[in-house]
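Structure assessment
Okay, here's what each chain looks like letter by letter:
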Amino acid sequence: MQRSMANETQKVGTIHFPFPFTPYSIQEDFMAELYRVLEAGKIGIFESPTGTGKSLSLICGALSWLRDFEQKKREEEARLLETGTGPLHDEKDESLCLSSSCEGAAATPRPAGEPAWVTQFVQKKEERDLVDRLKAEQARRKQREERLQQLQHRARFKYAAKRLRQEEEETEHLLRLSREMLETGPGAERPEQLESGEEELVLAEYESDEEKKAASGVDEDEDDLEEEHVTKIYYCSRTHSQLAQFVHEVKKSPFGKDVRLVSLGSRQNLCVNEDVKSLGSVQLINDRCVDMQRSRPEEKKGAEEEKPKRRRQEKQAACPFYNHEQMGLLRDEALAEVKDIEQLLALGKEARACPYYGSRLAIPAAQLVVLPYQMLLHAATRQAAGIRLQEQVVIIDEAHNLIDTITGMHSVEVSGSQLCQAHSQLLQYMERYGKRLKAKNLMYLKQILYLLEKFVAVLGGNIKQNPNTQSLSQTGTELKTINDFLFQSQIDNINLFKVQRYCEKSMISRKLFGFTERYGAVLSSREQPKLAGFQQFLQSLQPRTTEAPAAPADESQASAPRPASPLMHIEGFLAALTTANQDGRVILSRQGSLSQSTLKFLLLNPAVHFAQVVKECRAVVIAGGTMQPVSDFRQQLLACAGVEAERVVEFSCGNILPLVICSGISNQPLEFTFQKRELPQMMDEAGRILCNLCSVVPGGVVCFFASYEYLRQVHAHWEKGGLLGRLAARKKIFQEPKSAHQVEQVLLAYSRCIQACGQERGGVTGALLLSVVGGKMSEGINFSDNLGRCVVMVGMPFPNIRSPELQEKMAYLDQTLPRAPGQAPPGKNLVENLCMKAVNQSIGRAIRHQKDFASIVLLDQRYARPPVLAKLPAWIRARVEVKATFGPAIAAVQKFHREKSASS
């Protein structure tokens, strides 16, 4: 990776950081600390307010480290190749084992007492093997660089892609003619009982104990294409729009011309086959795509010759976009120039090459891989995408909700209606094809039916009756350990690991979905007399039933995205039940009817899924605007994943005046607890303080309350007492709407009011926005510059402690985490952390860029307690001032805004 000299290069210590402009001191500190974390192989928790150049700091800091790492690697390679021998490790820097090319090349530990000549011989052989590996890797690298240089001329790529596409279409045309001749010839045989296309719905013989290792689907031809995985940086963020913005920043950076970057996404985001994309559901798109890879002509050719009697009339043709030559060209084009998801899509359509698989082929040679963090944090998805984390760097941006994200990804909820629908569909499937299935298939299908029946029974229902009309005698929520749930459900005798493996290998949910797509939810009463009473219920669950059961469902007429098979969803619940007993719970929620009742698996220990990431990676960086309370990450995520405390590094950076005000204008102590916050004097104090703040703060003021209900009560009280009128004389008042579609309208009016007031002199100096913590204004909305010159937090927004899920999480943490001397129990600490996380997200809305400024006012004396102050973001905590009385507080706010307004 060569460095562009068109940009400024900033030297911090002995490290050179290319940057598109002279960086702020915050950015210099950020890059230097990031470099140290990556070099030392540590876990970094980086906090930098959004807009202070965090993305550029991440890009230039991380890619500067990668530049230097690759340079050291090349120098070590050159030395070894020149001498032909040399130490396998640099004693000072073990990282120079030359990334993945040296995996397995480290000196093998020798038995004690072995003769010296044997040890020397083995070491010499290992050195020769290493040199051979280096030569091969060097040749591959040279070949790749030459290929990418040639692709700088896009016309060549388009010509090559077009020529290959024409050849492929001609070949496919000839193959189709050949198949038609064979099928209509005199010796052609017809399937005996099953109808056209139905053969593919029948389960293949299942061999659970001796699974075949033969390559299938997309892996068949990849061995020839895949290169060694070079040392790379995986950059993850939450949404595709955030990733696209990051890619745009990379393009603008000094590294934009030279870095090999690839953007990854789901099939739903990257599929260019309109027939597949129109399916809507993520699960259906995934399944159809995999099925189409199994339908490739080259795979079926041998099978058709071997077994002409079983030749299938394919319901699904091979995907025309899945072509290795075309995808190889797309891979090279993606690496030759930085592209985001939209550009990859356009390229795939133009070249008729699959961007999903083409981008996967680019992973090994890429230096920077950009992907949604769900794709990286879910082990099965990570494996399917071809992501290898061994000795690589992972940066997780916008990571403030990382714990909740991991918990949510691995928590699954199934309803009574889904359980009944899956049971009915599977029963009909067995009756239709039972005589054609092998014994092992029948055994597992009966086990799945048994599990579904017991899940319904544990909710208090009966699998043989309509769940919509079944009233449950017992209602309410019950929480169980996994083992207790298995015993209560009477399924502890079933090996769920084997059932889960069967579901994966046999693809039963796909077969079942194809079956119900073909025949509708219910077969004719002639074929299913026992289930005739279910027809009305099942038809309501699956509206796409057909009047003629023998006719396949017409996919082209689907007007809305179809739901995936319920069994696909239930498989996730079965997998979750294989979690260790102490790491999860099952919540039984019994509502009025069986169809509305649910079983939910709740993951208590997200560290079990994060442990693999931190174990395999060289270094991990967790970054965000507000990462406090950091103790959550340290304890719940890193310590539980086995990370030593000394491996964790914290960094935080911030133009603010944060104040904690302990008492009001009338010296009334401010403590907005659940018991006191509705007292008239407390609501009056909040109103009077807000009036004074609105008098000295220019532009916009955003005031957060704990809930919509409390905001409603305060607003009504102020209106009745005349405080609302006094506020309106200083700032025009806006309220956060409950309806999501009204948010833009309110924000636009709020913004226009502030802009208009900035141009006029007179009474009203801006606007006041009354908002709710955790609402639509507390995350994702930026109140930069005049839109948020002051953020006020009324009280502490504690979560609902009576929630059974929160109570269980508290109990789990109390049992598993040690209680530090002089500290609150871990469960109580969790509640306080959740409260402060909500506070931090809300107050972080104000500072959005380096030159922005704002005052932050926390109205509650409880914020002055050291354990609470410690949970504020470091860039706020370092500047916070605790004011025991109101007079000095309002004087400080007035002085701050007078000085900042004069200098801006």
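See above for the structure.
Residues numbered from 1 in each chain as written. Predicted model: local features only at pLDDT ≥ 70, side-chain atom pairs only at ≥ 80, totals over all residues. Heavy atoms only, no water.

As a further point, take the packing of helix 24 (residues 607–616) against helix 25 (residues 630–639). The N-to-C vectors of helix 24 and helix 25 enclose an angle of 80°; their axes lie 8 Å apart at closest approach. It follows that helix 24 is roughly perpendicular to helix 25 by the angle criterion. Where helix 24 abuts helix 25, its residues Ala607, Phe610 and Val614 lie against Gln636, Leu637 and Leu638. Of the residues assigned to the contact of helix 24 with helix 25, the class counts are 5 nonpolar, 1 polar and no charged. (Axes fitted to C-alpha atoms, helices over the stretch in contact; angles between N-to-C directions. Helix = DSSP H or I, 4+ residues; strand = E, 2+ residues; numbered from the N terminus. Parallel < 35°, antiparallel > 145°, perpendicular 65-115°, else oblique. Contact = heavy atoms within 4.5 Å. Nonpolar A, V, L, I, M, F, W, Y, C, P; charged D, E, K, R; others polar.)

Tracing the backbone through its elements, the reader meets Ser593 in the loop between strand 10 (584–590) and strand 11 (598–603). A relative accessible area of 9% places Ser593 in the buried class. Setting aside anything within four residues of it in sequence, one finds Ser593 in contact with Pro467, Asn468, Gln470 and Leu472. (Buried < 20%, exposed > 50% of the residue type's maximum accessible area, 1.4 Å probe, protein only.)

Looking now at the packing of helix 17 (residues 416–433) against helix 21 (residues 508–519). Two elements in contact, helix 17 and helix 21, have axes whose closest approach is 10 Å; the angle formed by their N-to-C orientations is 85°. Relative to helix 21, helix 17 is oriented roughly perpendicular. On helix 21, the residues touching Ala422, Gln425, Leu426, Gln428, Tyr429, Arg432 and Tyr433 of helix 17 are Ile508, Lys511, Leu512, Phe515, Thr516 and Tyr519.

Now for the sheet that holds strand 18 (residues 790–794). Strand order in the open sheet formed by 7 strands is 16-17-15-18-19-14-20, with parallel pairing between adjacent strands. Each edge of the open sheet carries a strand with a single partner, namely strand 16 (731–735) and strand 20 (881–883). Sheet twist, expressed as the mean angle between neighbouring strand axes with direction ignored, is 20°. Contacts between helix 28 (residues 723–730) and the sheet are confined to strand 16 and strand 17 (766–772), with strand 16 contributing the most and set at about 115° to the helix. (Pairing = 2+ DSSP bridges.)

Moving on to the state of the cysteines. Here the structure, examined in full by the defined rule, presents 0 disulfides. We note that Cys271 lacks a disulfide partner, and the nearest cysteine sulfur, in Cys289, lies 6.5 Å from it. (Disulfide = S-S within 2.5 Å.)

Counted under the stated rule, the structure contains 19 aromatic pairs. Relative to Tyr35, the ring of Phe17 has its centre 6.0 Å away and its plane inclined at 90°; by these criteria the two rings are edge-to-face. One end of the pair, Phe17, is in strand 2 (residues 15–19); the other, Tyr35, is in helix 1 (residues 25–40), and 18 residues separate them in sequence. Taken individually, Phe17 and Tyr35 each receive the classification buried, so the pair is uniform in this respect. Between Tyr429 and Tyr433 the ring centres are 5.0 Å apart and the planes differ by 65°, which places this aromatic pair in the edge-to-face class. (Phe/Tyr/Trp six-rings, centres within 6.5 Å; stacked < 30°, edge-to-face > 60°.)

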